[in-house]
Amino acid sequence: MLLEVSGLDVSYGRTRAVKGADLTVGQGEIVAVLGANGAGKTSLLRALQGAVKPAGGRIVFDGVDLTAQSSAARVRSGVMLVPEGRQIFVSMTVHENLLMGAYLRRDGAVESDIDAIYDRFPNLAQRRDMKASVLSGGEQQMLAIGRAMLGRPRLVMLDEPSLGLSPLFVERLFDLLGELNREGIAILLVEQNTTMALELAARAYVLDLGAVVLEGTSAELMRDEALTEAYLGGGAPAPAQPAAG
Ligand SMILES: Nc1ncnc2c1ncn2[C@@H]1O[C@H](COP(=O)(O)OP(=O)(O)OP(=O)(O)O)[C@@H](O)[C@H]1O
Ligand SMILES: [Mg+2]
């Protein structure tokens, strides 16, 4: 396993945001984390990134215990987070934002890696010297992913990357995640777009009130639609219907 999380607890004072979560991501695998608002998805990712200190549990990446390590050490190990709301630096240029993604690198290939990102995202290339604030939401998401790629990650974690994007950009985003995965990058994807997330991912976990309440292959969870919906805050549970086929 590339990532092995066991018994992870995250608390904010008396709020227990994540409760004993067990989760794995295999080498080069795409795994989705689903759950309603407040289920603990962001808290889980922030604990994996090192932004919050877990109250309990263990995080092992490629056989190395990262639980007590700093965020920077985790980035060096190849764990990158594309946070909720992208959090690009709007007062910096597109190019400067990309350079930030490589701040821990000491090799000479950063410029050629940035060129590869410009080849992939012509919109970013055209705006390389403009402030990132001029970018559309979709372009900002591409910039955030491009920045993460410059850390040469082995695992990219994304927190609701499709939020606020037009349907066209959502399609492009999911295509991009598939491409990155084919290049060997494992992906841990937090999404509210359940259908697309399950189509992309091999496996998924459903969080409810901080606990993993369902897990399985995407095919299994898609078949279990009523059960999945019950935990995803989609309103009233689906009415009972005769099973089709
Ligand atoms: N910094 C914080 N301080 C106190 N409580 C917090 C903090 N961040 C999150 N929480 C609480 O922890 C719980 C889990 O929140 P979290 O943001 O992890 O959920 P989420 O699944 O990402 O939700 P959303 O879908 O709305 O992004 C919620 O009850 C939330 O109110
Ligand atoms: Mg969240």
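All values reported here derive from a predicted model rather than from experimental measurement.

Trainee: So what exactly am I meant to see when it comes to the overall build of the protein chain here?
Mentor: A tally of helices and strands in the protein chain yields ten helices and ten strands. Relative to the 2.2 N^0.38 estimate, which gives 18 Å for 245 residues, the radius of gyration of the protein chain is 18 Å and therefore close to what a compact globule would have. Principal-axis analysis of the C-alpha atoms places the extent of the protein chain at approximately 55 × 40 × 35 Å. Per-residue burial over the protein chain gives 49% buried out of 245 residues. Within the protein chain, counting contacts between residues at least 6 apart in sequence, those at least 24 apart form 67% of the total. Accessible surface, the protein chain as shown: approximately 11700 Å² in total, 52% of it carbon and sulfur.

Trainee: Can you help me understand the layout of surface pockets in this one?
Mentor: The gaps left among the atoms become clear once a water-sized probe is rolled over them. When its volume is computed, the largest pocket comes out at roughly 550 Å³. Every element with two or more residues in the lining of the largest pocket is listed here: α1 (41-49), α2 (71-77), β6 (79-82) and α6 (137-149). Of the residues belonging to the lining of the largest pocket, the class tally is 14 nonpolar, five polar and five charged. Within this model, the second largest pocket holds a volume of roughly 260 Å³. Forming the walls of the second largest pocket are 14 residues, and the residues nearest its centre are Thr-194, Thr-195, Thr-228, Glu-229 and Leu-232. Tallied by class, residues from the lining of the second largest pocket come to five nonpolar, six polar and three charged.

Trainee: How should I be thinking about the sheet that holds strand β10 (residues 211-217) in this particular structure?
Mentor: The strands making up a sheet are joined through hydrogen bonds of the backbone, oriented either antiparallel or parallel. Taken in spatial order, the six strands of this open sheet run β6-β7-β8-β3-β9-β10, and their pairing is mixed. Each having just a single partner strand, β6 and β10 make up the two edges of the open sheet. Going across the sheet, the axis of each strand differs from the next one's by a mean of 15 degrees, ignoring polarity. The pairing of strand β7 (residues 155-159) with strand β8 (residues 186-190) spans five bridges and is classified as parallel. In the strand pairing of β8, Leu-155 is matched with Ala-186. Strand contacts of α1: β3 (30-35), β6, β7, β8 and β9 (203-208), with the helix running at about 150 degrees to β7, the strand carrying the most contacts.

Trainee: Whenever I open this one, the coordination of the magnesium ion (ligand 2) confuses me. Can you help?
Mentor: Put simply, the ideal angle at a metal is 109.5 degrees for four donors in tetrahedral geometry and 90 or 180 degrees for six donors in octahedral geometry. Taken together, Thr-42 (OG1) and Glu-84 (OE) make up the full set of protein donors to the magnesium ion (ligand 2), lying 2.0 to 2.7 Å away. One end of the pair, Thr-42, is in helix α1; the other, Glu-84, is in the loop between β6 and α3 (94-100), and 42 residues separate them in sequence. We classify Thr-42 as partly exposed; its relative accessible area is 22%.

Trainee: Would you mind showing me how to read the side chain of Asn-97 here?
Mentor: Looking at the secondary structure, you find Asn-97 in helix α3. Of note is the side chain of Asn-97, whose polar atom sits 2.8 Å from the backbone nitrogen of Phe-89. Residues within four places of Asn-97 in sequence aside, it is in contact with Ile-88, Phe-89, Met-92, Ala-132, Leu-143 and Arg-147.

The rules behind the values
- Residues numbered from 1 in each chain as written.
- Chains lettered and ligands numbered in written order.
- Predicted model: local features only at pLDDT ≥ 70, side-chain atom pairs only at ≥ 80, totals over all residues.
- Heavy atoms only, no water.
- Helix = DSSP H or I, 4+ residues; strand = E, 2+ residues; numbered from the N terminus.
- Rg over C-alpha atoms; globule rule 2.2 N^0.38 Å.
- Buried < 20%, exposed > 50% of the residue type's maximum accessible area, 1.4 Å probe, protein only.
- Contact = heavy atoms within 4.5 Å.
- Areas by Shrake-Rupley, 256 points an atom, 1.4 Å probe, with all protein chains shown as cover.
- 1 Å grid on protein atoms, 1.4 Å probe; cavity = no way out; pocket = protein on both sides within 12 Å on 5 of 7 lines; lining within 4 Å.
- Points joined across faces, edges and corners; volume = space filled by probe spheres on them.
- Nonpolar A, V, L, I, M, F, W, Y, C, P; charged D, E, K, R; others polar.
- Pairing = 2+ DSSP bridges.
- Axes fitted to C-alpha atoms, helices over the stretch in contact; angles between N-to-C directions.
- Donors = N, O, S within 2.8 Å, 3.2 Å for Na, K, Ca; no water.
- Polar contact = N/O pair within 3.5 Å; in protein donor to acceptor, adjacent residues only side chain to side chain.

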